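Geometric and topological summary
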Amino acid sequence: MKKIYCYALVSMMLCYVTAQRQGGGSGRPQQETPVMATSGTTPVNPPARISLKTDSTVTVKNEVTIKGEKVSYTAIAGTSPVLDADNQPVANVFYTYYERNDIKNKEARPLVISFNGGPGTPSVWMEIGYTGPRILKVDDEGYPVQPYGMRDNPHSILDIADIVYIDPVNTGFSRPLIKDGVAQKFFGTNADIKYLAAWINSFVSKYKRWASPKFLIGESYGTTRVSGLALELQEAQWMFINGVVLVSPTDLGIERNGPVSSALIVPYYAATAWYHKALSSDLQKKDLTDYLPEVEKFAVDELIPAITKGGSLSAEKRKEIIAKYAKYTGLSEKVVAEHNMVISTNFFWKELLRDRGYTVGRLDSRYLGIDREDAGERPDYNAELTSWEHSFMPAMNIYLRDELGFKTDLSYYLFGPVNPWDRTNDRTGYNLGKAMAENPYMHLLVQSGYYDGACDYFNAKYNMWQIDPSGKFKNRMSWEGYRSGHMMYLRKEDLAKANENLRKFIMKATPKEGVPAKY
């Protein structure tokens, strides 16, 4: 790989003491010890500041073959500051930006702005797992392999769009530059959206991308982030978005408590039971996508009313609903009855394969875990997340430090210290609906894995029903299901399929020249 390193300023001359990750696999790093800055212009009564170079980048030229076509590109990895009201830097945001080299007219070239979630995790997952030109080495189902490392991604969307992957404050190599007021400025649903919208404005200006069609893509909590950003960018930064992609979306602040919440998760239970062959033969022989609509209908039309009626439900009807619930989910009628038809996800992950001595994964229930005891109400650990940490952490360090040559003594925060996170006044789903109403150009794509129990596929559908309760945006909204989990792209077949669907979505949501945005 041909490399051209271009360091803007100095490559991350740091005054941090490098943190070591705590033991016990907690994923929670120790706080790094900052050294106070002793020089520089500061506002009146400034907050205590940390000395850390900003606007430091490294540039690498490379090429990748995508769909049989050689694509030459430039990768820029670096930091850019978050500025306060006095134009003083209050944080460094790390990003990796990929531009195709042979594009003469960038005005028509889409720009994809990518986030992951947590909150507290960087954009590593989609950058080297999904859409970027270089992805990590895993087997065809997404399990870790050694030696760790990277390979070209023949399915990357870089052939049709440039991409920037952004790490929010205290994730990846991003860090606050102040000691006081960090949580209030950065660690909350609305604070996060506000500062990132301003940062995106600066990034778009720096790289001259105002004319480009723009797309937001987020995964997991990143879907909360980009749903909020869609409106914040339009109303506070006057930047209008062509499309939003939600990969394994959260509830987006859309309420669904009580019977609705308890029933909507059941189709996920059914999918998981089907995958692990825990169903009766008549159901097991059906294809997954033929089977699930039957369970979805049961959940909405029968289970919600039954749970709502509670003790007033007749004994006969209660018995009927319990029998159906058990048949669809692979659980025993006794267990369903003991829980009054309300089964928590933690209990399901523990109970489904208890007789086989396994638990199932939270974010991807294809993954199996082994607990110290088969007894209990919840798994000892998340089997799938442990597996992903196993492969992603070494691969990302290899990629950023060795392949891209970004020099820093900072630890890479796979899960950074951002808690407690302020989730009050989360209206991000409703705000996305408002953004779509304001902007006739905006399209929405939702991608879900059938075996994701944290951000399950049927709740993702429910989101869409509530974002567009009148059905007026149906022609601009679409949903896709994949036979994998939270990070569906780790499965080889779904990596190809999901990227191709992204490619089609971006092309569909990019209007032809001169087509007006109007109803």
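Residues numbered from 1 in each chain as written. Predicted model: local features only at pLDDT ≥ 70, side-chain atom pairs only at ≥ 80, totals over all residues. Heavy atoms only, no water.

**Description of the overall build of the chain**
Test applied: Helix numbering and strand numbering both begin at the N terminus, where a helix is a DSSP run of H or I of at least 4 residues and a strand a DSSP run of E of at least 2. Exposure is judged per residue with a 1.4 Å probe applied to protein chains only, and the accessible area is read against the type maximum: over 50% gives exposed, under 20% gives buried, and values in between give partly exposed. Should any heavy atoms of two residues lie within 4.5 Å, those residues are counted as being in contact.
The helix and strand inventory of the chain stands at 15 helices and 16 strands. A burial count over the chain gives 57% of its 519 residues as buried. Expressed as a percentage of contacts within the chain between residues at least 6 apart in sequence, the contacts between residues at least 24 apart total 72%.

**Let's talk about a nonpolar patch on the surface**
Here is the rule we go by: Note that patches include only residues with greater than 30% relative accessible area and no salt bridge, and the join distances are 9 Å for like charges and 5 Å for nonpolar side chains (Val, Leu, Ile, Met, Phe, Trp, Tyr). We get accessible surface area from the Shrake-Rupley algorithm with a probe of 1.4 Å; when it comes to residues, only the shown protein chains can shield them. In the sections that follow, a salt bridge refers to a side-chain nitrogen of Lys or Arg positioned within 4 Å of a carboxyl oxygen of Asp or Glu.
A grouping of Tyr-358, Leu-368, Ile-370 and Tyr-381 is seen on the molecular surface, where their side chains present a nonpolar patch of about 370 Å² in accessible area. Overall, the relative accessible area of 34% leaves Tyr-358 in the partly exposed class.

**Section: the confidence of the model for the chain**
We count it as follows: Think of pLDDT as the predictor's per-residue confidence, scored from 0 to 100.
Confidence along the chain averages 91 in pLDDT terms, with 90% of residues attaining 70 or more. Here residues 1-44 scores under 50 on pLDDT; set against residues more than four positions off or in separate chains, the count is 104 contacts.

**What about the environment of Ser-478?**
Within the element layout of this structure, Ser-478 appears in strand β16 (residues 477-482). Note on Ser-478: relative accessible area 29%, which makes it partly exposed. Residues Ser-478 and Leu-444 lie 34 residues apart in sequence; the distance between their C-alpha atoms is 6.4 Å. When residues no more than four places from it in sequence are discounted, the contact partners of Ser-478 are Leu-444, Leu-445, Val-446 and Met-464.

**What about the nonpolar core?**
To keep things clear, this is the line we draw: To qualify as a nonpolar core, a set must consist of buried Ala, Val, Leu, Ile, Met, Phe, Trp, Tyr and Cys residues joined through side-chain atoms within 4.5 Å.
Core analysis: the biggest nonpolar cluster contains 96 residues, and Ile-200, Tyr-325 and Met-341 have the highest contact counts within it. The residues touching Tyr-325, leaving out its near neighbours within four places in the chain, are Val-266, Tyr-269, Phe-298, Leu-303, Leu-331, Val-336, Met-341 and Ile-343. Counting 59 residues, the second-largest nonpolar core is a separate cluster that includes Ile-66, Ala-161, Ile-217 and Leu-495.

**Some remarks on the pairing of strand β9 (residues 162-167)**
Note on strand geometry: in a regular strand, side chains alternate between the two faces of the sheet. The condition is simple: Strands are treated as partners if at least two bridges between them are detected by DSSP.
The element β9 is largely enclosed, with a buried count of six among its six residues. Of the two faces of β9, both are covered, the one formed by Asp-162, Val-164 and Ile-166 as well as the one formed by Ile-163, Tyr-165 and Asp-167. Judged from the five bridges that link them, strand β5 (residues 89-100) and β9 form a sheet pairing that is antiparallel. By the bridge assignment, Tyr-95 is partnered in β9 with Ile-166. Looking at chain direction, strand β6 (residues 111-115) and β9 are connected through four bridges and run parallel. Its bridge partner being in β9, Leu-111 is matched across the sheet by Asp-162.

**Here we look at the side chain of Ser-114**
Secondary-structure assignment places Ser-114 in strand β6. With residues near it in sequence (within four places) discarded, Ser-114 still touches Ser-123, Met-126, Ile-163, Val-164, Tyr-165, Ile-166 and Ile-217.

**A few points about the environment of Tyr-450**
Relative to the helices and strands, Tyr-450 resides in the loop between β15 (443-449) and α14 (457-467). Take Tyr-450: its relative accessible area is 9%, and that puts it in the buried class. For the pair formed by Tyr-450 and Ser-248, sequence separation is 202 residues and the distance between their alpha carbons is 9.8 Å. Residue contacts for Tyr-450: discarding those within four places in its chain leaves Tyr-268, Ala-271, Leu-288, Thr-289, Leu-292, Tyr-457, Trp-479, Gly-481, Tyr-482, Arg-483 and Ser-484.

**With respect to unusual backbone geometry**
Looking along the chain, the bond that leaves Gly-118 and enters Pro-119 is cis, with omega of -10 degrees. Structurally, Pro-119 can be placed in the loop between β6 and α1 (124-131). Going from Asn-419 to Pro-420, the amide bond is cis rather than trans, its omega being 5 degrees. Counting through the fold element by element, Pro-420 comes out in the loop between α12 (383-403) and α13 (428-438). For Ser-220, which is not a glycine, the phi torsion comes out positive at approximately 60 degrees. With respect to the helices, strands and loops of the structure, Ser-220 is situated in strand β11 (residues 214-220). We classify Ser-220 as buried; its relative accessible area is 17%.

**Some points on helix α3 (residues 189-206)**
Formally: An expected span of 1.5 Å times one less than the residue number is assigned to each helix.
Compared with an ideal rise of 1.5 Å per residue, which puts 18 residues at 26 Å, α3 spans 26 Å between its outermost C-alpha atoms and is within 8% of the ideal. Buried within α3 are the following residues: Thr-189, Asp-192, Ile-193, Tyr-195, Leu-196, Ala-197, Trp-199, Ile-200, Asn-201, Phe-203 and Val-204. Just past α3, the residue Lys-208 takes up positive phi, approximately 55 degrees.

**Focus: the environment of Tyr-143**
When you line up the elements, Tyr-143 lands in the loop between β7 (134-136) and β8 (150-152). Linking Tyr-143 and Ser-391, residues 248 residues apart in sequence, is a C-alpha distance of 7.9 Å.

**Focus: the pattern of salt bridges**
Applying the stated criterion to the full structure yields 30 salt bridges. The shortest N-O distance in the salt bridge between Arg-134 and Asp-152 comes to 3.0 Å. Separated by 18 residues along the polypeptide, Arg-134 in strand β7 and Asp-152 in strand β8 bring together distant segments of the chain. Between Arg-503 and Asp-159 there is a salt bridge whose closest N-O contact spans 3.1 Å. Residue Arg-503 is located in helix α15 (residues 492-509), and its partner Asp-159 is located in the loop between β8 and β9; the two are separated by 344 residues in the primary sequence.

**Overview of α13**
Which entries qualify depends on this criterion: Think of it as the arc spanned by the lines of direction from the helix axis to the C-beta atoms.
Listed in full, the buried residues belonging to α13 are Thr-428, Gly-429, Leu-432, Gly-433, Ala-435 and Met-436. Down the axis of α13, the buried side of the element spans an arc of 160 degrees, and every buried residue falls inside it. Here the buried face of α13 lies against α3, α4 (221-236), β12 (243-249), β15, α14 and β16.

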